[in-house]
Amino acid sequence: MSDLYTVVVFITLFTLIINIMEVISNGLVSQKNKNEIIAVSLVIGIAVIGEWIGVETNGAASSLILLHKAAKLVEFCAAPAIGVTAAIAYGKVKRIRLAYVFIACHAVFEIWAMLNGWVFFIDSDNIYHRGSLYWLYIAAFIFSVLYCFICMVIGYKNYQARFNGVMALVMCLLAFGVSVQMVNSEIRVDYLCAVIGNIFLYNNRGRIVNQVDKTTRLLNRRCFDRKAESVKSNVCVMVFDINKFKIINDTYGHAVGDECLKDVGKIIFSVYGKHGQCYRIGGDELCVILNKYFENPEKLNARLHREAAKLRPKYGDIFGISVGYAYCDGSKTTFAEAFKKADEMMYENKKINF
C-alpha cells in the first residue's frame, strides 16, 4: 500500500509541476492571475508533501515524532487554504484580506490545537490519532470549498457565464476524494482529485476569459458572431454607439478613450446584463441581445441615459450614447435583418440628438 501511495503522490506532484509550467508559459494570462493560479498549485503541493511525510513516518522510530507532527501540522494548515486560494484565482473575492485572515487564523488554531492534541496527536509510539476537535478541521476545509464555489458563481456572472455542469462535477470530484478518505483512511486520493479539479478550473477560466473583450469586459465579437448564428427564438437586438467618441480620443487621448469605453461597458452591463448578453462588436459599437424583459426596452434605455448623464462632467457635453433596437422572431425577421434595423435606428437617433 505504501508503494502504491507513493506512486500516487509522485503523479500528483508531477502533474502540479506540469500545470505550473503551463501557467507560466501562458501569454494570455496576466501576471497577477498567474501568481494566484500558481499559489493554488503550491498550496496543494505543500499539503501533499505534508500528508506523504506523515504517512511515511507514522509508526516509525520515535526520533521522527517531531517530523511526523510537523508534517501533519503543515498538511492541516494547507488543506483549507486550497479552497480559499482557488477562490481568489478563479472567482470573484470582494474582500481578499478577509480570505487571507481566515487562512492565518486557521493556521494559528492548528498550531495551538497541535500543542494540546485537539485536532490530532502523535502518541509515544509515533502513531497518528485524530483528536476530539478533528471535526473543526473538516469544517474549515468544507467552508473553504463552499467559499470557492460561491466566489466562482459570482465571478462567472461578471463574465456573463453560468456556473456550468463541468464545474459542478469538479466539486463532486473533490467531495468524492475527501469522502473516500473519510470512509477508508488507507485510500488517499483527495489531493489527486484536487489537482485534477484545479486543472479543469484553470482551463475553464481561460476559456471564459478569452470570450471577454479586454477593455469593456463585455463579450467579444467572436462570441457575438456565434450567438448571432444560433438565435432561433424571440429576442430584442440592441445596438449602441458612443457619440463623438473620435472627438474624445482626439481631445483627451486614447487612454481616456479606453477609460470611456470601460465606463460605458459597465453601464451597459449594469442596465442590460440581467436581461441578456452584452457585447463589444468593434470600436465604440456595442450590442445587447435581450432574451428577457424585451417587451419595453425604452424603460431600460431611459435608465441607460440617466447613468450616461452622470459621466458628462468627466467627458464633456459631447458625451452621450445613441441606441437603436429591433425584434427578431427567428422566422419573419432574421437576426441579420433585426440587427440592420437596430443599427439604422441607432444612427437616426444619433442624428436627431447630436
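Treat the numbers as computed from the prediction; the structure is a model and nothing was measured. (Residues numbered from 1 in each chain as written. Predicted model: local features only at pLDDT ≥ 70, side-chain atom pairs only at ≥ 80, totals over all residues. Heavy atoms only, no water.)

Broken down by element type, the protein carries 13 helices and 6 strands. For the protein, the spread of C-alpha atoms along the principal axes amounts to about 85 × 45 × 35 Å. When burial is assessed residue by residue, the protein has 46% of its 354 residues classed as buried. When contacts within the protein are restricted to residue pairs at least 6 apart in sequence, those whose partners lie at least 24 apart make up 69%. Carbon and sulfur atoms make up 63% of the accessible area of the protein, which totals about 18,400 Å². (Helix = DSSP H or I, 4+ residues; strand = E, 2+ residues; numbered from the N terminus. Buried < 20%, exposed > 50% of the residue type's maximum accessible area, 1.4 Å probe, protein only. Contact = heavy atoms within 4.5 Å. Areas by Shrake-Rupley, 256 points an atom, 1.4 Å probe, with all protein chains shown as cover.)

Okay, the side chain of glutamate 51 next. Residue position: glutamate 51 is located in helix α2 (residues 31-57). If we skip the residues at most four places from it in the chain, glutamate 51 touches Tyr5, Glu75, Gln181, Arg188, Asp190 and Tyr191.

Inspection of the secondary structure assignment puts isoleucine 38 in helix α2. Residue classification places isoleucine 38 among the buried residues on the basis of a relative accessible area of 17%. Look past the residues within four positions of isoleucine 38 in its chain and what remains in contact with it is Ile20, Val23 and Ile24.

The next subject is unusual backbone geometry. The backbone of asparagine 126 sits at a positive phi, close to 65°, despite the residue not being glycine. Summarising the element assignment, asparagine 126 is placed in the loop between β1 (120-122) and β2 (128-130). Positive phi, close to 50°, is recorded for lysine 244, a residue that is not glycine. For lysine 244, the position within the fold is in the loop between β3 (235-242) and α9 (245-252).

Another aspect to go through is the pattern of salt bridges. Applying the stated criterion across every chain yields a total of 9 salt bridges. For the salt bridge of glutamate 36 with lysine 32, the shortest nitrogen-to-oxygen distance reads 2.7 Å. Placement of both glutamate 36 and lysine 32 in helix α2 is noted, with a separation of 4 residues, approximately one turn of the helix. Judged by relative accessible area, which is 15%, glutamate 36 ranks as buried. Here aspartate 225 makes a salt bridge to arginine 221, at a shortest N to O gap of 2.9 Å. Of this pair, aspartate 225 and arginine 221 are both found in helix α8 (residues 221-230), 4 residues apart, which corresponds to roughly one turn of the helix. Its relative accessible area of 31% is what places aspartate 225 among the partly exposed residues. Salt bridges linked by common partners bring Glu259, Asp263 and Lys314 together as one network. (Salt bridge = Lys/Arg side-chain N within 4 Å of Asp/Glu carboxyl O.)

It is worth spelling out the sheet that holds strand β5 (residues 285-290) at this point. Strand order in this open sheet of 4 strands is β4-β5-β3-β6, and the pairing throughout is antiparallel. Both outer strands of the open sheet, β4 (276-282) and β6 (321-328), are each paired with one neighbouring strand and no more. On average, each strand axis in the sheet is inclined to that of its neighbour by 20°, with strand direction left out of account. Here β3 runs beside β5; their pairing, made up of 6 bridges, is antiparallel. (Pairing = 2+ DSSP bridges. Axes fitted to C-alpha atoms, helices over the stretch in contact; angles between N-to-C directions.)

Under the criterion given, the structure shown has 2 cavities of 30 Å³ or more. Roughly 150 Å³ of internal volume is contained in the largest cavity. Around the largest cavity, the lining comprises 15 residues; the ones closest to its centre are Ile82, Ala86, Leu174, Ala194 and Leu201. Of all the secondary-structure elements, those providing two or more residues to the lining of the largest cavity are α2, α3 (65-90), α5 (134-158), α6 (165-183) and α7 (190-209). A per-element tally of the lining of the largest cavity places α7 first, with 5 residues. For the lining of the largest cavity, the per-class residue count stands at 12 nonpolar, 3 polar and no charged. Lining the second largest cavity, in full, are Tyr5, Val8, Val9, Thr12, Val48, Glu51, Arg188, Val189, Asp190, Tyr191 and Leu192. With 4 residues, helix α1 (residues 2-25) is the largest single contributor of residues to the lining of the second largest cavity. (1 Å grid on protein atoms, 1.4 Å probe; cavity = no way out; pocket = protein on both sides within 12 Å on 5 of 7 lines; lining within 4 Å. Points joined across faces, edges and corners; volume = space filled by probe spheres on them. Nonpolar A, V, L, I, M, F, W, Y, C, P; charged D, E, K, R; others polar.)

The next point concerns the packing of α3 against α7. Two elements in contact, α3 and α7, have axes whose closest approach is 11 Å; the angle formed by their N-to-C orientations is 10°. Comparing their axes, α7 and α3 come out roughly parallel. Side by side, α3 and α7 meet where Glu75, Ala79, Ile82, Ala89 and Tyr90 of the first sit next to Tyr191, Asn198, Leu201, Tyr202 and Arg205 of the second. Of the residues contributing to the contact of α3 with α7, the split by class is 7 nonpolar, 1 polar and 2 charged. (Parallel < 35°, antiparallel > 145°, perpendicular 65-115°, else oblique.)

Another aspect to go through is α6. The first and last C-alpha atoms of α6 sit 26 Å apart over 19 residues, in line with the 27 Å expected at 1.5 Å per residue. For α6, the full list of buried residues reads Met167, Val170, Met171, Leu174, Gly177, Val180 and Gln181. Buried-residue contacts for α6 involve α2, β2, α5 and α7. (Expected span 1.5 Å × (residues − 1).)

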